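# Results of the structural survey
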Amino acid sequence: MLPAQFRMRRSADFGATVRQGRRAVQPDVIVYSRTSCDRRTDTFDECAPPQVGLIIAKSVGSAVERHQVARRLRHVAREMLGDLGSGEQVVIRARPGSSAAKSDALREQLRSGLWSVHRSGGAAR
């Protein structure tokens, strides 16, 4: 489970991250990332902690399958919190094949996606 301070809740944050963030496409997930604080003007204390949000569409499967995928992704995302910068917002969109993916595969795809968006300086679209 993700601690409350690291959960993305506002619809506007989800929308801004998906529209303005960098994107990395993996077989079972799409990772979007953006920084919500301006590193030039904000100090480390002014930046919010990193936030993670999940998008699990009905195309992933039944309600039971979607909840299973969400639980797996939350667990994997919790392990990755140390890799995120302060003020970073990450949205993980589950793709239809994610319901059949094991936690280890999701972990590796999330790690690879985060590495890809952190590595790219510009938009990865």
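The coordinates are above.
Here's what I pulled together on the structure shown here.

The rules behind each value
Residues numbered from 1 in each chain as written. Predicted model: local features only at pLDDT ≥ 70, side-chain atom pairs only at ≥ 80, totals over all residues. Heavy atoms only, no water. Pairing = 2+ DSSP bridges. Helix = DSSP H or I, 4+ residues; strand = E, 2+ residues; numbered from the N terminus. Right-handed = clockwise from strand over helix to strand, strands pointing away. Polar contact = N/O pair within 3.5 Å; in protein donor to acceptor, adjacent residues only side chain to side chain. Contact = heavy atoms within 4.5 Å. Axes fitted to C-alpha atoms, helices over the stretch in contact; angles between N-to-C directions. Parallel < 35°, antiparallel > 145°, perpendicular 65-115°, else oblique. Left-handed = near helix turned anticlockwise from the far one by under 90°. Nonpolar A, V, L, I, M, F, W, Y, C, P; charged D, E, K, R; others polar. Expected span 1.5 Å × (residues − 1). Buried < 20%, exposed > 50% of the residue type's maximum accessible area, 1.4 Å probe, protein only.

## Remarks on the pairing of strand S3 (residues 51-56)
- For S3 and strand S4 (residues 88-94), the ladder comprises six bridges, and the chain directions are parallel. Bridging across to S4, Val 52 finds its partner in Val 90.
- Each parallel crossover has a hand, and for S3 linked through helix H2 (residues 63-80) to S4 it is left-handed.

## Brief notes about the side chain of Arg 34
- Considering the arrangement of structural elements, one finds Arg 34 in strand S2 (residues 29-35).
- Polar side-chain contacts of Arg 34 include one of 3.5 Å to the side chain of Thr 17.
- Setting aside chain neighbours within four positions, we find Arg 34 in contact with Ala 16, Thr 17, Gln 20, Gly 21, Gly 87, Glu 88 and Gln 89.

## Let's talk about the packing of H2 against helix H3 (residues 103-119)
- Contact geometry for H2 and H3: axes closest at 10 Å, N-to-C directions at 50 degrees. When the axis of H2 is compared with that of H3, the two are oblique. Where H2 crosses over H3, the two elements pack in a sense that is right-handed. Residues Arg 72, Leu 73, His 75, Val 76, Ala 77, Glu 79 and Met 80 of H2 pack against Ser 103, Leu 106, Arg 107, Leu 110, Arg 111 and Leu 114 of H3.
- Its residues assigned to classes, the contact of H2 with H3 comprises seven nonpolar, two polar and four charged.

## Here we look at H2
- If you check H2, its first and last C-alpha atoms are 26 Å apart, about what 18 residues at 1.5 Å a residue would give, namely 26 Å.
- Of all the residues in H2, the buried ones are Val 69, Ala 70, Arg 72, Leu 73, Val 76, Ala 77 and Met 80.
- Close packing links the buried residues of H2 with S2, S3, S4 and H3.

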